[in-house]
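Observations on the three-dimensional arrangement
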Amino acid sequence: MTHPTQRCGLVAVLGAPNAGKSTLVNALVGEKVAIVSPKAQTTRARLMGIAIADDAQLILVDTPGIFEPHRRLDRAMVAAAWEGAESADRTLLVVDAAAKVGARVETILAGIEGRPEPLILVLNKADIAKKDDLLVLAQSLSLRLNPEAVFMISASTGDGVADLKAYLASAMPAGPWQFPADQLSDATDRMVAAEITREQLYLQLHAELPYASAVETEKWEDRRDGSTVIHQQILVERDSQKAIVVGKGGAQLKKIGQTAREAIADHLGRKVHLFLHVKVNPKWDEDRSLYKDIGLEWSE
């Protein structure tokens, strides 16, 4: 039976790459639901995190970072970001307060100006920003965007996140919850497993491996003994990239696999047998089936 005071709404989280959107979504949910790495454009699909605050359920859409698209994958990601804002009850614009407002942020500001969705300005990384610069940025963006609220937070330390979460809860419309109280994300286990391995690629090789790589779950078998066997394919564009991922004598791939396996097992709550192999395909981002696997629409 629905509680009469329940609230539920959709919150779109927009921002430039590396603004801290995924870190913020994880902080609001209270669990890790989106991958985080120092590499820009880590988030590719519209991943929903589900947060509970008192009687409110917040459906958080962690969108890909908005940037100038060039490749087909880039276009699909940017389209997913803007679509995530459509029909949202609130849009969070996350801005890196410790960085200058560059061309990427200007692109987003131009796109947001005049949109009908109620906007909340979130100045992230306030803990490392200069106070005077922070206040000037808040004032200039407020004058330009006219947000209904401004929050200065640090998603990584959690400072200010509770206040933002409480505000969002109060702003959600009355209505029944759309997900069970213990569900944290809409992502399938297959998608999460692939994202966990991709995260390890970025965390362990972010300085050496270009952005143009992907992880595809090829085979998934739940065994009678309660364990799960997963075969994944790491897609790269060149032989030189494959050499980086594999490492000398396969050592790097083994390390990636071990760390990813432990994280996937922790997510699933059971033993996992993970098998990785690396495939070179200069046009992997032209594979329609891969877009479906990572939750993106094919973009012409």
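Conventions used here
Residues numbered from 1 in each chain as written. Predicted model: local features only at pLDDT ≥ 70, side-chain atom pairs only at ≥ 80, totals over all residues. Heavy atoms only, no water. Helix = DSSP H or I, 4+ residues; strand = E, 2+ residues; numbered from the N terminus. Buried < 20%, exposed > 50% of the residue type's maximum accessible area, 1.4 Å probe, protein only. Areas by Shrake-Rupley, 256 points an atom, 1.4 Å probe, with all protein chains shown as cover. Pairing = 2+ DSSP bridges. Axes fitted to C-alpha atoms, helices over the stretch in contact; angles between N-to-C directions. Contact = heavy atoms within 4.5 Å. Salt bridge = Lys/Arg side-chain N within 4 Å of Asp/Glu carboxyl O. Phe/Tyr/Trp six-rings, centres within 6.5 Å; stacked < 30°, edge-to-face > 60°. Right-handed = clockwise from strand over helix to strand, strands pointing away. Patch = residues over 30% accessible without salt bridge, like charges linked within 9 Å, V, L, I, M, F, W, Y side chains within 5 Å. Lys, Arg positive; Asp, Glu negative; His and termini not counted. Charge placed at Lys NZ, Arg CZ, Asp CG, Glu CD. pLDDT = per-residue confidence, 0-100.

Another point: the overall build of the protein. For the protein, the count of helices and strands is 9 helices and 9 strands. Considering the protein as a whole, with its 300 residues, one finds that 52% of them fall into the buried category. With the model as given, the accessible surface of the protein reaches about 14300 Å², and the carbon-plus-sulfur share is 50%.

Our next topic: unusual backbone geometry. With a phi angle near 55°, D54 is a residue other than glycine that sits in the positive phi range. If you trace the backbone, D54 turns up in the loop between β2 (47–53) and β3 (56–62). Take D54: its relative accessible area is 73%, and that puts it in the exposed class. A positive phi angle, near 65°, is found at K125, a position not held by glycine. Its location among the elements puts K125 in the loop between β5 (119–124) and α4 (131–145). Taking relative accessible area as the criterion, K125 reaches 22% and is therefore assigned partly exposed.

A word on the sheet that holds strand β9 (residues 272–280). What the 3 strands build is an open sheet, ordered β7-β8-β9; its pairing is mixed. Two strands lie at the open edges of the sheet, namely β7 (213–222) and β9, each paired on one side alone. Averaged over all adjacent pairs, the angle separating strand axes in this sheet is 20°, with direction ignored. Taken together, the 9 bridges between strand β8 (residues 228–236) and β9 define a ladder with parallel strand orientation. Bridging from a neighbouring strand, T228 pairs with V272 of β9. Packing against the sheet, helix α6 (residues 189–205) makes contact with β7, β8 and β9, and its axis sits at approximately 135° to β7.

All right, on to the pattern of salt bridges then. When the charged atoms of two side chains with opposite charge come close together, those side chains can pair. Under the counting rule described, the total for this entry stands at 6 salt bridges. A salt bridge links R198 to E195, with the nearest nitrogen and oxygen atoms 3.0 Å apart. Highlighted residues: R198 and E195, both in helix α6, separated by 3 residues, approximately one helical turn. Here the salt bridges do not stand alone but share partners, grouping E106, E113 and R144 into one network.

Time to look at the packing of aromatic side chains. All chains considered together, the criterion is met by 1 aromatic pair. Ring plane angle 65° and centroid distance 5.5 Å describe the contact between F151 and Y167, whose orientation is recorded as edge-to-face. Remark: Y167 occurs in helix α5 (residues 161–171) and F151 occurs in strand β6 (residues 149–152); sequence separation between them is 16 residues. Look at F151 and you get buried, because its relative accessible area is 14%.

Our focus in this paragraph is the pairing of β5. Where burial is concerned, most of β5 is hidden: 6 out of the 6 residues are buried. In the sheet, strand β4 (residues 90–96) pairs with β5 via 6 bridges, with the strands oriented parallel. Each residue of the ladder has a partner; that of D96, found in β5, is N124. As a crossover connection, the stretch from β4 through helix α3 (residues 103–112) into β5 is right-handed. Judged from the 4 bridges that link them, β5 and β6 form a sheet pairing that is parallel. Directly across from I120, in β6, lies its bridge partner A149.

A separate point is the pairing of β3. Two faces, one strand: in a regular strand the side chains alternate between the faces of the sheet. Counting buried residues along β3, 7 of its 7 residues qualify, which places the element largely inside the surrounding structure. Alternating positions in β3 separate into two faces, A56, L58, L60 and D62 on one and Q57, I59 and V61 on the other, with burial throughout. In the sheet, strand β1 (residues 7–15) pairs with β3 via 7 bridges, with the strands oriented parallel. Residue pairing across strands places R7 opposite A56, the latter belonging to β3.

So, about a positive patch on the surface. On the surface, K219, R223, R261 and K271 cluster together to form a positively charged patch. Looking at the element boundaries, R261 is found in helix α8 (residues 251–268). Judged by its relative accessible area of 31%, R261 is partly exposed.

This paragraph deals with the confidence of the model for the protein. With 78% of its residues at a pLDDT of 70 or more, the protein has an overall mean of 82. Contacts of residues 37–45 to residues separated by more than four positions or lying in other chains number 48 contacts, the stretch itself having pLDDT below 50. Between residues 65–82, whose pLDDT stays under 50, and residues either more than four places distant or in other chains, the model counts 66 contacts.

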